[in-house]
Amino acid sequence: MDTPNDPTAGLVTSRAHSARVYDYILGGKDHYPADIEAGDAMCRHWPALPVHMRENRRFMHRAARFLAEERGIRQFLDIGTGLPTSPNLHEIVQEVAPESHVVYVDNDPIVLAHARALLQSSPEGATAYVDANMHDPDAILDSAEFRELIDLSRPVGLMVIGIMHFIQPPDDGLLVRRLLDPLPSGSYLAMTIGTADFAPEEVNQVAQEYRQQGMPFVLRDLPTATSFFEGLEMEEPGITQVHAWHPGPEQEGIDGRDIAMYGAVAGKP
């Protein structure tokens, strides 16, 4: 029976969910048979999918560390957090600067059920979880958690990782701008954007599988992906496949055909 404070109330397990499919493909344990079935189908279409998903998350690690170490960002807003897989964003940035604040945003009941795992901040810093949807940016920006942890007189790192392919046009760019607009000059946007530019047949089959499971899925070419950063100052090397952005030893030998995600980091003038 659902209790009034049960975060899993309303959890639907009979159909696949993007966060749980992601969890399954990456070897997690927070998924259900429908997610396994969908994930297996996607991997049959494109066996490189686990490599692609791992590199998307590794981009987040490198981008967050870059912003904390190289640009001195101490406040982060993470949209579409997903299921907690260590290291999480706050672990990365608080390793650099323990006083960092991180606000996580997601609206999936199973993610909310694991929110406590996300909230283990360093003693000097702080983390919070907002139960909200990117489609309702006002709910994020007006939340008590955002107002308490984010000081809008100081720069913020806005992380939009692995979610834009679930946001359909024409709302996509408008939603990103709505989140960026209140952030002060010196803030940054780190984003990854799904594409079929490098393995069109396989990736489009994966996209179709998502749609058949009731999950909207939009892939974007390079000019469209680049348009999200219009008016911002791109950090080197600009927009690239995620494995090619500030690569480390883990990225050696990765075949570009196995990566269907663009990524970039850009500053707000």
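Above this text you will find the structure in question.
Residues numbered from 1 in each chain as written. Predicted model: local features only at pLDDT ≥ 70, side-chain atom pairs only at ≥ 80, totals over all residues. Heavy atoms only, no water.

Report on the overall build of the protein chain, specifying residues and quantitative values.
A count of helices and strands for the protein chain gives eleven helices and eight strands. The C-alpha atoms of the protein chain give a radius of gyration of 18 Å, which matches the 18 Å a tight globule of 269 residues would have. Along the three orthogonal principal directions, the C-alpha set of the protein chain runs to about 50 × 50 × 35 Å. Burial analysis of the protein chain (269 residues in total) assigns 51% to the buried set. If you take every contact in the protein chain between residues at least 6 apart in sequence, the share linking residues at least 24 apart comes to 74%. Element-wise, carbon and sulfur atoms account for 49% of the exposed surface of the protein chain, whose accessible area totals about 11900 Å². (Helix = DSSP H or I, 4+ residues; strand = E, 2+ residues; numbered from the N terminus. Rg over C-alpha atoms; globule rule 2.2 N^0.38 Å. Buried < 20%, exposed > 50% of the residue type's maximum accessible area, 1.4 Å probe, protein only. Contact = heavy atoms within 4.5 Å. Areas by Shrake-Rupley, 256 points an atom, 1.4 Å probe, with all protein chains shown as cover.)

Can you lay out the side chain of S100 for me, pointing to particular residues and giving the numbers?
Of note, S100 is situated in the loop between α4 (89-96) and β2 (101-106). Only 2.8 Å separates the side chain of S100 from the backbone oxygen of A97, close enough to count as a polar contact. Non-local contacts of S100, meaning those with residues more than four positions away in its chain, are made with I73, R74, V93, Q94, G125 and A126. (Polar contact = N/O pair within 3.5 Å; in protein donor to acceptor, adjacent residues only side chain to side chain.)

I'd love a proper account of the nonpolar core, names of residues and values included.
Ranked by internal contacts, the top residues of the largest apolar core, which has 36 residues, are I79, M134 and F229. Sorting elements by how many residues they give to this core places helix α9 (residues 171-180) first, with four residues. Setting aside chain neighbours within four positions, we find I79 in contact with V105, M134, I140, L158, M159, V160, I161, I163 and L179. The next biggest cluster of nonpolar side chains, apart from the first, holds 28 residues, and it includes F76, V102, A115 and M159. (Core = buried A, V, L, I, M, F, W, Y, C linked by side-chain atoms within 4.5 Å.)

Outline helix α10 (residues 200-212), supporting the account with residue identities and numerical values.
Across its 13 residues, α10 extends 18 Å between first and last C-alpha, which sits within 8% of the 18 Å expected from 1.5 Å per residue. Packing partners of the buried residues in α10 comprise α1 (18-25), α2 (33-45) and α3 (49-69). (Expected span 1.5 Å × (residues − 1).)

With reference to specific residues and values, describe the layout of surface pockets.
Considered as a void within the structure, the second largest pocket measures approximately 420 Å³ in volume. What lines the second largest pocket is a set of 24 residues, among which R57, H61, T85, S86 and P87 lie closest to the centre. Where the lining of the second largest pocket is concerned, the elements lending two or more residues are α1 and α3. It is α3 that provides the largest number of residues to the lining of the second largest pocket, a total of six residues. (1 Å grid on protein atoms, 1.4 Å probe; cavity = no way out; pocket = protein on both sides within 12 Å on 5 of 7 lines; lining within 4 Å. Points joined across faces, edges and corners; volume = space filled by probe spheres on them.)

Lay out the packing of aromatic side chains in plain terms, naming residues and giving numbers.
A full pass over the atoms with the stated rule returns six aromatic pairs. Relative to Y262, the ring of F198 lies with its centre 5.7 Å away and its plane at 65 degrees, an arrangement referred to as edge-to-face. Placement of F198 in the loop between β5 (188-194) and α10 and of Y262 in strand β8 (residues 261-267) is noted, with a sequence separation of 64 residues between them. Overall, F198 belongs to the partly exposed group, its relative accessible area being 30%. For Y262, a relative accessible area of 5% gives the class buried. An aromatic cluster of at least three residues, connected via ring pairs, comprises F59, F66 and W245. (Phe/Tyr/Trp six-rings, centres within 6.5 Å; stacked < 30°, edge-to-face > 60°.)

Go over the packing of α2 against α10, please, and point to the residues and values.
Packing of α2 against α10 brings their axes to within 8 Å, and their N-to-C directions diverge by 160 degrees. By the criterion of interaxial angle, the relationship of α2 to α10 is roughly antiparallel. α10 is crossed by α2, and the crossing has right-handed handedness. Contacts between α2 and α10 involve A38, A41, M42 and H45 on the former and, on the latter, E202, Q205, V206, E209 and Y210. Within the contact of α2 with α10, the residues separate by chemical class into five nonpolar, two polar and two charged. (Axes fitted to C-alpha atoms, helices over the stretch in contact; angles between N-to-C directions. Parallel < 35°, antiparallel > 145°, perpendicular 65-115°, else oblique. Left-handed = near helix turned anticlockwise from the far one by under 90°. Nonpolar A, V, L, I, M, F, W, Y, C, P; charged D, E, K, R; others polar.)

Break down the pattern of salt bridges for me, citing the residues and quoting the values.
Here the structure, examined in full by the defined rule, presents ten salt bridges. For E69, the salt bridge identified is with R65, shortest N-O distance 3.7 Å. Separated by four residues within a single helix, E69 and R65 lie in helix α3, roughly one turn from each other. Look at E69 and you get partly exposed, because its relative accessible area is 46%. Here R71 ties to E235 by a salt bridge, and the two come within 2.9 Å at their closest N and O atoms. On the criterion of sequence distance, the pair formed by R71 in the loop between α3 and β1 (75-79) and E235 in the loop between β6 (233-234) and β7 (240-241) is long-range, its members being 164 residues apart. The structure contains a network of salt bridges with shared partners spanning E55, R58 and E250. (Salt bridge = Lys/Arg side-chain N within 4 Å of Asp/Glu carboxyl O.)

Shape descriptors only; they carry no functional weight alone.
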